[in-house]
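# Observations on the model geometry
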Amino acid sequence: MTDSVYQNFIDNAFVASESLLEVYNPANGQLLGRVPESPAEQVERAVAAARRAQKGWAAKTAIERAGYLRQIAAKVRANADRLARIITQEGGKVPGLAQVEVNFTADYLDYMAEWARRLEGEVLTSDRANEHIFLMRKPLGVVAGILPWNFPFFLIARKMAPALLTGNTIVIKPSEETPINCYAFAKLVAETDLPAGVFNVIGGKGASVGHGLSSHAGVDLVSFTGSVATGARIMASAAPNITKLNLELGGKAPAIVLADADLELAVKAIVASRVINTGQVCNCAERVYVERKVADAFIDKVAQAMAATRYGDPSQQADLDMGPLINQAGLDKVAQMVRTAIGQGAQRATGGQVADLGAGFHYQPTVLAGCKADMEIMRKEIFGPVLPIQVVDDLDEAIALANDSEYGLTSSIYTRDLNAALKACREIDFGETYINRENFEAMQGFHAGARKSGIGGADGKHGLYEYTRTQVVYIQG
Ligand code: NAD
């Protein structure tokens, strides 16, 4: 990738911005390109274009709209290697995972397209004679999709596909850390015959462009994925317009390991879940509660597996398990949290230091034993390759500790006891629970969080209908 200048995509045209932001490779500091810090006037243009296009778009049949999603999926597949390279360079993601992200994105577009012939309303019985009650599902109008940097490419589709299939138009704001893949996606969209204004991209910072969208009276849904703090800001800026929100926020996923668990499986799954994308995933094991009887064996095995993690610069080396953290702030946060935990009595089983690879934001894969419930590292999202472990006496204690969190996104439990697994499902208060496997959702599921992890959800039938409103019609006759 050369140092290119990228342009916004508004109303089917590429639009230059005078003010630009620089994008760097977090693994080695190389400048990758300059992207728009969009002026307010372009935010207005993008929302107005999406508004103008929406009625015509909604008037098409769902199967016609699905056809465009399939065209875009095919373009993504045809450009998969190039797109994966961009994701690796700007996000520091290892090549294999970047490929998975691109393929999953194409599959997701196709999956949502399949819903075209499955969208349903309802016919209800009435208390009145000779009356039919129809519950119809309608598009909301204009969606603003505000994206994070950790799965930047997939999240375009997670917002765009359900929005477009149900008759909405969309304005996407990529993260300022990883916008180039979104501009590459826009170029592919521009090669299709998708009507102008249906899909728009405007880049820039959260406080300016993100706020401009979430506070805009012409936006009918803000679909946001990112941190709890930003989610709260978006709620405040959307409040004056009573704009509908879909918020996918942070997580602090507990992994419970019971004494009867298949320890090899638990270790493999938890380490994979902590190392993937360098621990920067909302749904991956962020804290472990292990039963006392197997705690020493488990900690030894996890420490060995984490220590064997291969890390470095994924844009130079393909056979790595993880790359760098996204930026200096992310690295500083992880380093500070580990220092604080060690100061509070946590023991380093492996890692625990910034990794000096000459350049980039690298941190050693780290396991901390002896953690306690009130430590920051057991309560706040780390978003790095650090696994804190607390020993518990039984399942009841583990569930109570797991639930005692401001987050409620995903959770996992490792056991061979069906009753224990079912009890955990009943009592654990999280949007997702994984039994005997690593944390990763399916596109036909429903990805949603309890407590501060969000409002609403994504994927599957329930995620699709988040992009609709209902209209009830009473018909006498
Ligand atoms: P972030 O909240 O810092 O930024 C996300 C997006 O919000 C960016 O595009 C940013 O520019 C924008 N933004 C920032 N301030 C804004 C404002 N005032 N108004 C409008 N937009 C604003 O999050 P991040 O660092 O990019 O992503 C990491 C976070 O995302 C983690 O907390 C992670 O758990 C979460 N996440 C959640 C899910 C999920 O599905 N629940 C998925 C991925 C990431």
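Reference entry: report on the structure contained in this document. For every chain, the first residue of the written sequence is number 1, and numbering continues from 1 onward in sequence order. At least 70 in pLDDT is required for a residue's local features to be given in this predicted model, at least 80 for side-chain atom pairs to be given and counted, and no such filter applies to totals for whole chains, interfaces and linings, which use all residues. By convention in this description, side-chain values take in all heavy atoms of the structure and omit both hydrogens and water.

### Description of the overall build of the protein chain
Here a strand is any run of E in DSSP of at least two residues, a helix any run of H or I of at least four, and the numbering for each starts at the N terminus. Tallying secondary structure elements over the protein chain gives 15 helices and 25 strands in all. Taken over C-alpha atoms, the radius of gyration is set against a globule rule of 2.2 Å times the number of residues to the power 0.38. Computed over its C-alpha atoms, the radius of gyration of the protein chain comes to 23 Å, within 12% of the 23 Å expected for a compact globule of 477 residues. In the protein chain, 73% of the contacts between residues at least 6 apart in sequence involve partners at least 24 apart. Carbon and sulfur atoms make up 52% of the accessible area of the protein chain, which amounts to about 18700 Å² in all. Charged side chains in the protein chain number 47 positive and 53 negative. The centres of these two groups are separated by 4 Å. Between two residues, a contact is recorded if the distance between any of their heavy atoms is within 4.5 Å. Accessibility throughout is a Shrake-Rupley quantity obtained with a 1.4 Å probe, and a residue counts as covered only by protein chains that appear here. Positive: Lys, Arg. Negative: Asp, Glu. His and the chain ends are not part of the count. Working definition for charges: the position is that of NZ of Lys, CZ of Arg, CG of Asp or CD of Glu.

### Some remarks on unusual backbone geometry
Of note, the phi angle at N436 is positive, near 55 degrees, even though the residue is not glycine. One can find N436 in the loop between β20 (432-435) and β21 (447-448). One non-glycine residue with positive phi stands out, namely D459, at about 85 degrees. Buried means the residue's accessible area, taken with a 1.4 Å probe over protein chains only, is under 20% of the maximum for its type, while exposed means over 50%, and partly exposed covers the values in between. Given the relative accessible area of 2%, D459 is considered buried.

### Some thoughts on the site of the ligand
The criterion for a residue being near a molecule or strand is simple. One of its heavy atoms has to lie within 4 Å of it. Every one of the 29 residues lining the ligand counts as a neighbour, but L147, E176, S227, L249 and E381 are closest to it. Distance and chemistry together define a polar contact, namely a pair of N or O atoms within 3.5 Å, with one atom able to donate a hydrogen and the other to accept it when in protein, and with adjacent residues in sequence counting only for side-chain atoms on both sides. The side chain of K173 places a nitrogen or oxygen atom 2.9 Å from an oxygen atom of the ligand. Side-chain polar atom of E176 to an oxygen atom of the ligand: 2.6 Å apart, as the coordinates give it. Starting from 850 Å² of accessible surface for the ligand in isolation, the protein chains cover 89%. Taken together, the elements giving at least two residues each to the shell around the ligand come down to α7 (206-214), β11 (221-225) and α8 (228-238). As a working rule, the residues Ala, Val, Leu, Ile, Met, Phe, Trp, Tyr, Cys and Pro are called nonpolar, Asp, Glu, Lys and Arg charged, and the rest polar, with Gly in that last group. Here the shell around the ligand is composed, by residue class, of 11 nonpolar, 12 polar and 6 charged.

### Notes on the packing of aromatic side chains
Here a pair means two rings of Phe, Tyr or Trp (six-membered ring of Trp) with centres within 6.5 Å. Their orientation is stacked below 30 degrees between planes, edge-to-face above 60, and tilted elsewhere. Throughout the structure, instances matching the rule amount to 11 aromatic pairs. Seen in terms of ring centroids, F104 and F154 are 5.1 Å apart; in terms of plane orientation they differ by 70 degrees. Their pairing is edge-to-face. With F104 in helix α4 (residues 95-113) and F154 in helix α5 (residues 152-165), this pair connects stretches of sequence that are 50 residues apart. When the centroid spacing of 5.1 Å and the interplanar angle of 80 degrees are considered together, the rings of Y108 and F154 count as edge-to-face. With Y108 in helix α4 and F154 in helix α5, the pair connects residues that are 46 residues apart, well separated along the chain.

### Points about the pairing of strand β7 (residues 131-139)
Here strand β6 (residues 122-124) pairs with β7 via 3 bridges, running antiparallel. Bridged to E122 within β7 is L135. What sits between β6 and β7 in their antiparallel hairpin is a turn of 6 residues, with N130 showing a positive phi close to 55 degrees. Strand pairing is assigned whenever DSSP detects at least two bridges linking the two strands. Relative to strand β25 (residues 468-476), β7 runs antiparallel, the two sharing 9 bridges. Pairing of F134 across the sheet is with V473, part of β25.

### Here we look at the packing of α4 against α5
At their nearest, the axes of α4 and α5 sit 9 Å apart, and the two run at 5 degrees to each other. Taken together, the axes of α4 and α5 are roughly parallel relative to one another. Contacts between α4 and α5 involve E101, V102, F104, T105, Y108, L109, M112 and A113 from the former and P152, F153, F154, A157, R158, M160, A161, P162 and L165 from the latter. Classifying every residue of the contact of α4 with α5 by side-chain character gives 14 nonpolar, 1 polar and 2 charged. Note on definitions: angles span 0 to 180 degrees between N-to-C directions of axes, and those axes are lines fitted to C-alpha atoms, for helices only across the stretch in contact. Here the word oblique covers every angle except those under 35 degrees (roughly parallel), over 145 (roughly antiparallel) and from 65 to 115 (roughly perpendicular).

### Brief notes about the state of the cysteines
Defined by distance alone, a disulfide is two cysteine sulfur atoms within 2.5 Å. Taken as a whole, this structure holds 0 disulfides when the rule is applied. C182 takes part in no disulfide bond, and the closest cysteine sulfur to it belongs to C282, at a distance of 18 Å. Left unpaired, C284 is separated from the closest cysteine sulfur, that of C282, by 7.5 Å. Under the relative-accessibility criterion, C284 is labelled buried at 0%.

### Brief notes about the side chain of S453
Along the chain, the position of S453 falls in the loop between β22 (450-451) and β23 (454-455). If we ignore the near neighbours within four places in the chain, the residues touching S453 are L247, E248, L249, G250, G251, E406, Y407, G408 and L409.

### What to know about the nonpolar core
The biggest cluster of nonpolar side chains holds 68 residues, and the ones touching the most others in it are V76, L109, L164, F185 and F199. Sort the elements by how many residues they give to this core and α5 lands first, with 10 residues. Ignoring any residue separated from it by four or fewer positions in sequence, one finds F199 in contact with F9, I156, M160, I170, I172, F185, A186, V189 and L194. Among the nonpolar cores identified, the runner-up in size contains 30 residues, and Y289, I382, I413 and A420 belong to it. Side-chain atoms within 4.5 Å link the members of a nonpolar core, which is a set of buried Ala, Val, Leu, Ile, Met, Phe, Trp, Tyr and Cys residues.

### Regarding the side chain of N150
Along the polypeptide, N150 turns up in the loop between β8 (142-146) and α5. Of the residues examined, N150 reaches a relative accessible area of 8% and is grouped as buried. A polar atom in the side chain of N150 sits 3.1 Å from the backbone oxygen of Q280.

### A short note on the sheet that holds strand β15 (residues 347-350)
If you walk across this open sheet you meet the 7 strands as β15-β16-β17-β14-β13-β19-β20, and the pairing is mixed. The open sheet has two edge strands, β15 and β20, and neither has a second partner. Across the sheet, the mean angle separating the axes of adjacent strands is 25 degrees when strand polarity is ignored. Strands β13 (254-257), β14 (287-291), β15, β16 (366-369) and β17 (386-392) of the sheet are contacted by helix α10 (residues 292-307), whose axis makes an angle of about 140 degrees with β14.

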